[in-house]
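# Examining the three-dimensional arrangement
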Amino acid sequence: MFAFLSDRLARHSRTGGRERIVMRTYYFDMKDGVPARDKSGLEFGSDGAAIAHSKSLAEDVRTKRPGGHPDLRIVVIDENGREVHREPVYSKNR
C-alpha cells in the first residue's frame, strides 16, 4: 500500500489545479556477476513503467540470445541510485 502511495505522489504534482506527470530517469544495468552499467538512462513517469520496460528488454535479450547466462538480470535503478527491480532474463521457468 505504501509503495503505491509513494509512487503516485512521485508521479504527480499539483500545479494550478491541474496534475502533471513528473518524469524520472531510470537506469537499466545488466548483471550476471559483472555489471554492465547503463550510463544514459531513460525517463518514465513511474517505477511501474520502468519495470514494464525492463520486462520488455529481458524479452528482447531472450529472443536475440537464447540460452544466455542463467544468472543474467536487468536491474532497474532510479535517479537517486535506489534499486527498484531485478528482472531475470533467463528464468528457470522458461
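Summarised in this report is the structure supplied together with it. Note that the structure is predicted; figures quoted are calculated from it, not measured. (Residues numbered from 1 in each chain as written. Predicted model: local features only at pLDDT ≥ 70, side-chain atom pairs only at ≥ 80, totals over all residues. Heavy atoms only, no water.)

### Considerations on the overall build of the chain
- Summing up its helical and strand segments, the chain has 2 helices and 6 strands in all.
- Counting from the amino terminus, the chain carries its helices and strands in the arrangement α-β-β-β-β-α-β-β.
- Considering the chain as a whole, with its 94 residues, one finds that 30% of them fall into the buried category.
- Total accessible area on the chain is roughly 6500 Å²; 54% of this is exposed by carbon and sulfur atoms. (Helix = DSSP H or I, 4+ residues; strand = E, 2+ residues; numbered from the N terminus. Buried < 20%, exposed > 50% of the residue type's maximum accessible area, 1.4 Å probe, protein only. Areas by Shrake-Rupley, 256 points an atom, 1.4 Å probe, with all protein chains shown as cover.)

### Let's talk about the sheet that holds strand β4 (residues 42–44)
- A sheet is described by the order of its strands in space; here 4 strands give the open sequence β4-β3-β5-β6, paired in antiparallel fashion. Both outer strands of the open sheet, β4 and β6 (83–88), are each paired with one neighbouring strand and no more. Between one strand axis and the next, the sheet turns by 30° as a mean value, whatever way the strands run.
- For strand β3 (residues 24–31) and strand β5 (residues 73–78), the ladder comprises 6 bridges, and the chain directions are antiparallel. Bridge pairing in β5 links Y26 to D78. (Pairing = 2+ DSSP bridges. Axes fitted to C-alpha atoms, helices over the stretch in contact; angles between N-to-C directions.)

### Remarks on the pairing of β5
- Within β5, 5 of the 6 residues are buried, leaving the element largely enclosed by the surrounding structure.
- The antiparallel pairing of β5 with β6 creates a hairpin that spans 4 residues between the two strands, and G81 there sits at a positive phi of about 90°.

### Considering the nonpolar core
- Residues Y26, F28, A50, V76 and V89 are the most contacted members of the largest nonpolar core, which totals 13 residues.
- Elements supplying a minimum of two residues to this core: β3, α2 (47–64) and β5. (Core = buried A, V, L, I, M, F, W, Y, C linked by side-chain atoms within 4.5 Å.)

### Considering the pattern of salt bridges
- Using the criterion set out here, one finds 7 salt bridges in the structure.
- Across the pair R24 and D47 runs a salt bridge whose closest N-O atoms are separated by 3.0 Å. Pair noted here: R24 is in strand β3 and D47 is in helix α2, with a separation of 23 residues, a long-range link.
- Among the ionic pairs, D29 bridges to R37, the shortest N-O distance being 2.9 Å.
- By relative accessible area, which is 52% here, R37 ends up exposed.
- A network of salt bridges, in which partner residues are shared, links R24, D47, D78 and R82. (Salt bridge = Lys/Arg side-chain N within 4 Å of Asp/Glu carboxyl O.)

### Regarding the pairing of β3
- Summarising the sheet, β3 and β4 pair through 3 bridges and their orientation is antiparallel. Directly across from R24, in β4, lies its bridge partner F44.

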